[in-house]
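These are the residues of each chain, in order.
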Amino acid sequence: AEYMGNLNHPQHTIPPPFQSHSPHEALQPPSPVIMNGYTGKLKDPAPHLNEGSTVPPPGPRLNPHPPAPAQAAPIGVSGVPALPPPRPAEYMTFQLPPLTNGHHSSPPEGEMATYHSYDINTKKWLPKQTVIRIDKYPFQEGTLRSVFYMKDLTKPRGPDQDYVAKVAKDPNETPEAYFQDAQTQSLVAHLANIWNNLPTPKKINYLEAGVIECHHRFHNGRPVVSTIERYIQGPFVKYTNNFGWVNPHAPRNTPQAFSHFTYCYSGGTLLVVDVQGITDQTNSEYYTDPQIHTHPTQPAFGKADLRHDGIKKFLETHKCNALCHELNLPPIDFRILDAFGCPVISGQSSIVPVNPYVIQELSRPQTVESRIIYAG
């Protein structure tokens, strides 16, 4: 019953599986593994979302370690903050608003949507029409968002189709917040490219984030939107959060040094934290969901931008490592503050340039900041 109703989208040009163009091809179709585009150890994470599939979606999945609710950052508490105690396992039952036909699942032919990508060079959003299938229930969740499998049916079948859609648990989250999240990741990817041009042993790749605007799902009279990015198969590791926590089980130099670098490169106008990501089958790392803390003279970057308090907390718990020293990053005393309460950078690296106007690389509206700490 979930698949009733045609959404009347234009026909998109994807050849059906095993479409043959000669008698020889018809006699010798490719193997299913090659045809599906998954090779080696890669597996289709959501085969029920393939175009034409009428396999019912899975029910709610069990999260053995649910994240704690968002909470106020413990301003004024010294040392590395403790994460909230673990919660009992629970099923993830959050759903997107239904389609206009009343069903939550995308039909076998997919549903129409507009994909908005951000070009940091032109500071413009670039929209294009696409066809997607999105899962009924999330497969993962964070403190503020639920994460769904999604396929872009306009791409060749296989890993190129696989995406994740991240949807705010707060039903009143504004569409502008999703666009700002994608822009934030674009700016951090820009900073990562500058990092990659330095003499560093490990390069940093941030996944490209965009925004999907559904044509047949609405909430409060507006189209449903979500941020999306490629789905990468591999273990996920969170190295830091946005208020001084450092993962004691993942002692890495690069995540901490990258944050230190962003504060020095930006001349103290911003600091990238909440460094986390995935290592794929080729041992390549892909980071996602960064948070930016900004100097009080700069526009805020969303709910989790803790401004000078977040910057001070990172520098209080940060311990310069070999990579910080290799890049000649100046040590920063979190107790020596400017007139706005931000730590002062004394000295300059002979290797890392300084661009205090880097935030102007991004054009976006200012948002109201709040005291939220990520726990998931």
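A brief report on the enclosed structure follows. The structure displayed is predicted, hence computed values, not measured ones. (Residues numbered from 1 in each chain as written. Predicted model: local features only at pLDDT ≥ 70, side-chain atom pairs only at ≥ 80, totals over all residues. Heavy atoms only, no water.)

1. Remarks on the sheet that holds strand β12 (residues 276-279)
Item 1. Strands sit in the order β10-β12-β13 across an open sheet of three strands; the sheet is antiparallel. Only two strands of the sheet have a single partner each, and these edge strands are β10 (236-238) and β13 (285-287). Each strand axis lies, on average, 25° off the axis of its neighbour in the sheet, ignoring direction.
Item 2. Taken together, the three bridges between β10 and β12 define a ladder with antiparallel strand orientation. (Pairing = 2+ DSSP bridges. Helix = DSSP H or I, 4+ residues; strand = E, 2+ residues; numbered from the N terminus. Axes fitted to C-alpha atoms, helices over the stretch in contact; angles between N-to-C directions.)

2. Details of the packing of helix α3 (residues 175-196) against helix α4 (residues 253-265)
Item 1. Interhelical geometry of α3 versus α4 gives an angle of 100° and a closest axis separation of 11 Å. Classified by the interaxial angle, the pair formed by α3 and α4 is roughly perpendicular. Only Thr 254, Ala 257, Phe 258, Phe 261, Thr 262 and Tyr 265 of α4 make contact with α3, whose side of the interface consists of Val 188, Leu 191, Ala 192, Ile 194 and Trp 195.
Item 2. Class assignment of the residues belonging to the contact of α3 with α4 gives a composition of nine nonpolar, two polar and no charged. (Parallel < 35°, antiparallel > 145°, perpendicular 65-115°, else oblique. Contact = heavy atoms within 4.5 Å. Nonpolar A, V, L, I, M, F, W, Y, C, P; charged D, E, K, R; others polar.)

3. Remarks on α4
Item 1. Its 13 residues give α4 an end-to-end C-alpha distance of 18 Å, which sits within 8% of 18 Å, the value for a rise of 1.5 Å per residue.
Item 2. Burial analysis of α4 places 12 of its 13 residues in the buried class, which makes it a mostly covered element.
Item 3. Considered for burial, the residues of α4 that qualify are Thr 254, Pro 255, Gln 256, Ala 257, Phe 258, Ser 259, His 260, Phe 261, Thr 262, Tyr 263, Cys 264 and Tyr 265.
Item 4. Its buried side turned inward, α4 meets α3, β11 (270-273), β13, α5 (307-317) and α6 (322-326). (Expected span 1.5 Å × (residues − 1). Buried < 20%, exposed > 50% of the residue type's maximum accessible area, 1.4 Å probe, protein only.)

4. Details of the packing of α4 against α5
Think of two packed helices as two axes; the pair is described by the angle between the axes and how far apart they sit.
Item 1. Where α4 meets α5, the axes come as close as 11 Å, and the angle between the chain directions of the two elements is 130°. In terms of orientation, α4 and α5 fall into the oblique class. Seen from above, α4 lies across α5 with left-handed handedness. Contacts between α4 and α5 involve Gln 256, Ser 259, His 260 and Tyr 263 from the first element and Ile 311, Phe 314 and Leu 315 from the second.
Item 2. Of the residues belonging to the contact of α4 with α5, the class tally is four nonpolar, three polar and no charged. (Left-handed = near helix turned anticlockwise from the far one by under 90°.)

5. A look at the packing of aromatic side chains
Item 1. Taken as a whole, this structure holds 13 aromatic pairs when the rule is applied.
Item 2. Here Phe 94 and Phe 148 contribute two aromatic rings whose centre-to-centre distance is 6.3 Å and whose plane-to-plane angle is 55°, an arrangement assigned as tilted. Taken together, the residues Phe 94 in the loop between β2 (90-92) and β3 (111-119) and Phe 148 in strand β6 (residues 145-152) connect sequence positions 54 residues apart.
Item 3. Using a relative accessible area of 25% as the deciding quantity, one classes Phe 94 as partly exposed.
Item 4. With a relative accessible area of 0%, Phe 148 lands in the buried category.
Item 5. Judged by centre distance (6.2 Å) and plane angle (35°), the rings of Tyr 206 and Phe 258 are tilted. Note that Tyr 206 is positioned in the loop between α3 and β8 (210-219) and Phe 258 in helix α4, a separation of 52 residues in sequence. No difference in accessibility class separates Tyr 206 from Phe 258, as the two residues are buried.
Item 6. Through successive ring pairs, a cluster of aromatic residues spans Trp 195, Tyr 206, Tyr 239, Phe 258, Phe 261, Tyr 265 and Tyr 287.
Item 7. The ring of Tyr 286 has Arg 230 lying over it, and the distance from NZ or CZ to the ring centre is 5.7 Å. (Phe/Tyr/Trp six-rings, centres within 6.5 Å; stacked < 30°, edge-to-face > 60°. Lys NZ or Arg CZ within 6 Å of the ring centre and 35° of its normal.)

6. Quick word on the pairing of β11
Item 1. Of the two faces of β11, the one lined by Leu 270 and Val 272 and the one lined by Leu 271 and Val 273 are each fully buried.
Item 2. Looking at chain direction, β11 and strand β14 (residues 291-294) are connected through four bridges and run antiparallel. Across the sheet, the residue bridging to Leu 271 is His 293, located in β14.

7. Quick word on the side chain of Thr 240
Item 1. Along the chain, the position of Thr 240 falls in the loop between β10 and α4.
Item 2. Owing to a relative accessible area of 3%, Thr 240 belongs among the buried residues under this scheme.
Item 3. Of note is the side chain of Thr 240, whose polar atom sits 3.4 Å from the backbone nitrogen of Asp 274.
Item 4. Within the structure, the side chain of Thr 240 is placed 3.0 Å from the backbone nitrogen of Val 275, a separation counted as a polar contact.
Item 5. In contact with Thr 240, other than residues within four places in its own chain, are Trp 245, Gln 256, Val 273, Asp 274 and Val 275. (Polar contact = N/O pair within 3.5 Å; in protein donor to acceptor, adjacent residues only side chain to side chain.)

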